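Descriptive structure summary
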Amino acid sequence: MNEAIERAAQLRRLLHQYGHEYYVLDAPTVPDAEYDRLYRELEALETQHPQLRTPDSPTRRVGGAPLPQFPSVTHVVPMLSIRTETDVTDQGALAFDASVRRELGLDAADAPVEYAAELKFDGLAISLRYEAGVLVQAATRGDGATGEDVTQNIRTVRQIPLRLDGEPPAVLEVRGEVYMRRADFEKMNERQLAAGGKTFVNPRNAAAGSLRQLDPAITASRPLSFFAYGLGEVRDWPAMPATHSGVLDALKAFGLPVCAERTVAQGGEALARFHAGMGERRNALPFDIDGVVYKVNSLALQRELGFRTREPRWAVAHKYPAQEALTVVEAIDVQVGRTGALTPVARLQPVFVGGVTVTNATLHNQDEVERKDVRIGDTVIVRRAGDVIPEVVGVVLERRPMQAVPGGDLFDAAQQPLHPPYRLPAQCPVCGSHVVREEGEAVTRCSGGLICSAQRKEAIRHFAGRRMMDIDGLGERYIDNLVELDYVHSVADLYALTLDDFLEMKRRADERDGVTPETVQAGKIPTKWAENLIAGIAASKRPPLARFLFALGIRHVGESTAKTLADWLGSLAVVRRAPAALLRVLPDVGGTVAEAIAEFFAEPKNEQVIDQLLAHGIAIADEHAPSAKLRDKLFAGGSKPSAELLGALGVARLTPVRSRQLSDALPTLAALADADDALLAGLPADVVAALRDWLAQPVQRQRLLELDALCRELHAALPAQAASEGILAGKTLVLTGTLPTLSRDEAGALIEAAGGKVSGSVSKKTHYVVAGEAAGSKLTKAEELGVPVLDEEGLRKLLAG
Ligand code: IVH
């Protein structure tokens, strides 16, 4: 038994030490697993010998039974509040110092008063009572005289020691603040949301709500923290320090968490400096503060100053501008960002918060609006921390405008909200294009990438880029001016620009910026730059298909997807018509990408821009028939639809295995539209039911028939041989020099489309070298090795067979 007693004491000591290192010092010295092992050992010992279960045992943090209500506790030393100085300037600190000096009868010649300056934590005041170093009771402040006994809950706060280190006094009441760190708060809210529980608007409410739980198991699951900042009743403390800062040092040595952000300051100006410095660092702290606290450091002077009614004369809280305020939502608007993201924005009755007047606050996205259920007319909490964009953190539901339920009993008090829940519009408020929200995405986007003025600059910049249409010289400044001065509404307008347009644009931009150059003032108008730009635009008119598709800026379509589309489908006409199901069978094109492409071409405004581009003479340089490889992707022999294509339709329960079965059963894709029970006989009932549901939707049926028509058309257009047997199959070509009409990329695309390979260097294995003007060492090498050399003309002949 003695052994057990000793081992239990040792385990408690170790667990206490490791817990302190982990939770208070944030510097663990043993792995978590070691802690867990010792904890389990102690638990086992205590189960075996219940008499070993001391009140300070780490195993006693959890496991208390839920209470019917909190017992009340009378504070021997009342928990007073401190006066708040709301003048947020330096003046607040100086005024406090002046009043202390006045009360103490000091004049200008006397030495500065010494203060302890610390933070004003934004949580909930708590009093911890330690007897003989062991935590025996924890109480809330209540009305200051009587509070609630929350001992069970406080035990679950790991930062609060159940036993003090060193030689604590016989009775020590520690006063401090229970709070929640911002990161812990965010994580907790996320967890709550995922579990369908209620979320809190700020860390303060979260801390208070968590401590007021009657079931300690709930409190245990909440990430609470604690800082000690003062004392209540104290008995027998011979070594009690003479200053407040000394008391805090002693509390820290007892193992209590004391905030390191504190200082000892001489006089009012030093206090003002502390206030200003902390104000700057406020947002970088891991927890919320709403001000700083100054306390006369000498406990003797504190006693001399005493109290005025319920507030000490020796302390003051010096506030910062509030970061949260209440106001009313007058409207909810939508902003469209340059990438097309729609952001709901609350228009607010002007409110002073975080040091500025706020009239707008972001609501982020549809999910956030729903989560917070912000409606027009609502009273909301607005938060502006530092330079962060103001945001609506929550609604004060009790103040929501209500109306009587229509048709309801006159004497019945039934009420319903005056305004419905907010939903983002289905059309872009800037350009009217339809909006899209992808599965699993929080953001709703405008689909009118090519025409939406909110996205215009970005769209044009992308379109003109090196790896896209490669419009030489069309830099950011020109694009900004062309859009801002209204010369270009869509990328198609670029091709209609005249020399006069550019010169006029430049003149107006210079006027606007007040920078008209002297040469222009002297009547000499430079035109060379504009001629170059026009030439650059004209030179971009024959893009390879892949670059053109990439240039359109279709969401999720990067260079490699654009190349896949071009290689497999061959022409712009086919890409434009391809439904998502067909796109999905292409290599590396998933559901999201396929949907994004189909959505893009489904927007009539985008189609219009493409038609305009073609009308302006854009001609794809390398269009060809669809790849012969497409046959196997779409068909399972003859006119049977492939399992892959069926799987891409998006019918529920149509797994790859079931798709294969269905493919076997169907003579054609169109047959699915009118499939009778006999045809589907081999499939499980749930798959048949899902298919029937799907086919019952007229739009799906319609799409199916269109897909069938397109597949048959493609089938007819497919070249007889697969691309791997194309005219240049197995041939390696090297390009060198400048060709008269084809760019390097264009020539490369043509060669690849014919099944050939383009290599960067000449060797014996090279089949042809295609040489243009100013060809260099590669041409010499070809001649040395006897590799046939072609010019552009020769290449074209070769391609034509
Ligand atoms: S001292 C007699 N120090 O502010 C002095 N209070 O009205 C007792 N608070 O709700 C308070 N940080 O919980 C003190 N460093 C700090 C504080 C602080 C936050 C809270 C306290 C109470 C209110 C004081």
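Residues numbered from 1 in each chain as written. Predicted model: local features only at pLDDT ≥ 70, side-chain atom pairs only at ≥ 80, totals over all residues. Heavy atoms only, no water.

**Re the overall build of the protein**
When you go through the protein residue by residue, the secondary structure sums to 31 helices and 26 strands. Scaling as 2.2 N^0.38, a compact globule of 801 residues should have a C-alpha radius of gyration of about 28 Å, whereas the protein reaches 38 Å, well beyond that. The buried share of the protein, taken over its 801 residues, is 46%. Put simply, the protein shows about 38,500 Å² of open surface, and 51% of that area lies on carbon and sulfur atoms. In the protein, 91 positive and 106 negative side-chain charges are present, and the distance between their average locations comes to 2 Å. (Helix = DSSP H or I, 4+ residues; strand = E, 2+ residues; numbered from the N terminus. Rg over C-alpha atoms; globule rule 2.2 N^0.38 Å. Buried < 20%, exposed > 50% of the residue type's maximum accessible area, 1.4 Å probe, protein only. Areas by Shrake-Rupley, 256 points an atom, 1.4 Å probe, with all protein chains shown as cover. Lys, Arg positive; Asp, Glu negative; His and termini not counted. Charge placed at Lys NZ, Arg CZ, Asp CG, Glu CD.)

**Quick notes on the site of the ligand**
Taken together, 14 residues surround the ligand, and among them Ile 82, Glu 118, Leu 119, Glu 177 and Tyr 229 come closest. Here Ile 82 contributes a backbone N or O atom positioned 2.8 Å from an oxygen atom of the ligand. Separating an oxygen atom of the ligand from a side-chain N or O atom of Glu 177 is a distance of 2.4 Å. For the ligand, whose accessible area on its own is 520 Å², the fraction buried by protein is 87%. Under a 2 Å grid-point criterion requiring more than half of the atoms, the pocket assigned to the ligand is the second largest pocket. Among the secondary structure elements, those contributing two or more residues to the shell around the ligand are strand E3 (114-121) and strand E10 (289-296). The element contributing the most residues to the shell around the ligand is E3, with four residues. (Near = heavy atom within 4 Å. Polar contact = N/O pair within 3.5 Å; in protein donor to acceptor, adjacent residues only side chain to side chain. 1 Å grid on protein atoms, 1.4 Å probe; cavity = no way out; pocket = protein on both sides within 12 Å on 5 of 7 lines; lining within 4 Å. Sits in = over half its atoms within 2 Å of the grid points.)

**Details of empty space enclosed by the protein**
Where empty space is left can be seen by rolling a probe of water-molecule size over the atoms. The full count for this structure, using the stated rule, is two cavities of 30 Å³ or more. A volume near 60 Å³ is recorded for the largest cavity. If you trace the largest cavity, you find it lined by Glu 118, Leu 119, Phe 121, Ala 228, Tyr 229, Leu 248, Val 258, Cys 259, Glu 261 and Arg 262. For the lining of the largest cavity, the secondary-structure elements that each account for two or more residues are E3 and strand E8 (225-235). At three residues, E3 tops the list of elements feeding residues into the lining of the largest cavity. A per-class count over the lining of the largest cavity returns seven nonpolar, no polar and three charged. By volume, the second largest cavity is sized at about 30 Å³. Around the second largest cavity, the lining residues are Asp 122, Tyr 179, Met 180, Pro 203, Phe 287 and Asp 288. In terms of residue class, the lining of the second largest cavity is built from four nonpolar, no polar and two charged. (Points joined across faces, edges and corners; volume = space filled by probe spheres on them. Nonpolar A, V, L, I, M, F, W, Y, C, P; charged D, E, K, R; others polar.)

**Some points on helix H21 (residues 591-602)**
For an α-helix the count is 3.6 residues per turn, leaving residues at separations of three or four pointing the same way. For H21, spanning 12 residues, the distance from its first C-alpha to its last is 16 Å, which sits close to the expected 16 Å at 1.5 Å a residue. Three or more residues of H21 are buried, namely Val 593, Ala 594, Ala 596, Ile 597, Ala 598, Phe 600 and Phe 601. Residues of H21 that are buried make contact with helix H17 (545-551), helix H18 (559-569), helix H19 (572-577), helix H20 (580-584) and helix H22 (604-615). (Expected span 1.5 Å × (residues − 1). Contact = heavy atoms within 4.5 Å.)

**Considering the side chain of Asn 481**
You can see Asn 481 is positioned in helix H13 (residues 476-484). The exposure class of Asn 481 is buried, given its relative accessible area of 11%.

**Examining the packing of helix H12 (residues 456-464) against H13**
Interhelical geometry of H12 versus H13 gives an angle of 140 degrees and a closest axis separation of 10 Å. In terms of orientation, H12 lies oblique with respect to H13. The crossing of H12 and H13 is right-handed. Note on element contacts: H13 touches H12 through Glu 476, Ile 479, Asp 480, Val 483 and Glu 484, opposite Arg 456, Lys 457, Ile 460 and Arg 461. Of the residues that constitute the contact of H12 with H13, the class distribution is three nonpolar, no polar and six charged. (Axes fitted to C-alpha atoms, helices over the stretch in contact; angles between N-to-C directions. Parallel < 35°, antiparallel > 145°, perpendicular 65-115°, else oblique. Left-handed = near helix turned anticlockwise from the far one by under 90°.)

**Things to note about the UniProt feature "binding site: NAD(+)" (unreviewed entry) in the protein**
In this numbering, the UniProt entry assigns the feature "binding site: NAD(+)" (unreviewed entry) to Asp 32, Ala 33, Glu 34, Tyr 35, Asp 36, Ser 81, Ile 82, Glu 118, Arg 141, Glu 177, Lys 295 and Lys 319. In sequence the annotated residues extend across 288 residues, and in space they extend as well, their farthest C-alpha pair lying 44.4 Å apart. The annotated residues named above include Glu 118 as those lining the largest cavity. Locating Asp 36 in the fold gives a position in helix H2 (residues 32-48). Of the residues examined, Asp 36 reaches a relative accessible area of 37% and is grouped as partly exposed. With respect to the helices, strands and loops of the structure, Arg 141 is situated in the loop between strand E5 (134-140) and strand E6 (146-148). Not counting chain neighbours up to four residues away, the residues in contact with Arg 141 comprise His 75, Met 79, Ser 81, Ala 125, Thr 146 and Gly 147. (UniProt positions renumbered as here; feature names shortened; annotations may be inferred.)

**Here's the deal with the pairing of strand E4 (residues 124-131)**
A large share of E4 lies buried, amounting to seven of its eight residues. Relative to strand E7 (residues 171-179), E4 is paired through eight bridges, and the arrangement is antiparallel. Within E7, the position partnered with Ala 125 by the bridge is Glu 177. Here E4 pairs with E5 via six bridges, running antiparallel. Residue pairing for E5: Arg 129 is matched across the bridge by Gln 137. Taking the residues between adjacent antiparallel strands as the criterion, E4 and E5 are bridged by two residues, where Ala 132 takes a positive phi near 50 degrees. (Pairing = 2+ DSSP bridges.)

**A few points about the nonpolar core**
Ranked by size, the top nonpolar core spans 121 residues in total, and within it Leu 494, Leu 569 and Leu 672 carry the most contacts. Excluding anything up to four places from it in sequence, Leu 494 contacts Ile 460, Phe 463, Ile 471, Leu 474, Leu 482, Val 488 and Ile 537. Formed by 36 residues, the second largest nonpolar core is a distinct cluster that contains Leu 128, Ile 154, Phe 185 and Leu 299. (Core = buried A, V, L, I, M, F, W, Y, C linked by side-chain atoms within 4.5 Å.)

**Looking at the sheet that holds E4**
Two pairing modes exist for strands in a sheet, parallel and antiparallel, and in both the strands are linked by backbone hydrogen bonds. Read across the sheet, four strands follow the order E5-E4-E7-E8 without closing on themselves; strand pairing throughout is antiparallel. Each edge of the open sheet is held by one strand with a lone partner, namely E5 and E8. Neighbour-to-neighbour, the strand axes of the sheet open up by a mean angle of 25 degrees, direction not taken into account. As paired strands, E7 and E8 are joined by eight bridges and run antiparallel to one another. Across the sheet, the residue bridging to Tyr 179 is Ser 225, located in E8. Where helix H8 (residues 244-253) meets the sheet, its contacts fall on E7 and E8, and the angle it forms with E8 comes to roughly 110 degrees.

**Here's the deal with the layout of surface pockets**
One number sums up the size of the largest pocket: a volume of about 1,400 Å³. In this structure, the largest pocket is lined by 48 residues; those nearest its centre are Glu 595, Ala 596, Ala 598, Glu 599 and Phe 600. Examining the composition of the lining of the largest pocket, we find that 10 residues originate from one element, H21, more than from any other. If you add up the space inside the second largest pocket, you get close to 1,200 Å³. Looking at the lining of the second largest pocket element by element, the count peaks at five residues for E8. The residue inventory of the lining of the second largest pocket, partitioned by class, reads 20 nonpolar, nine polar and nine charged.

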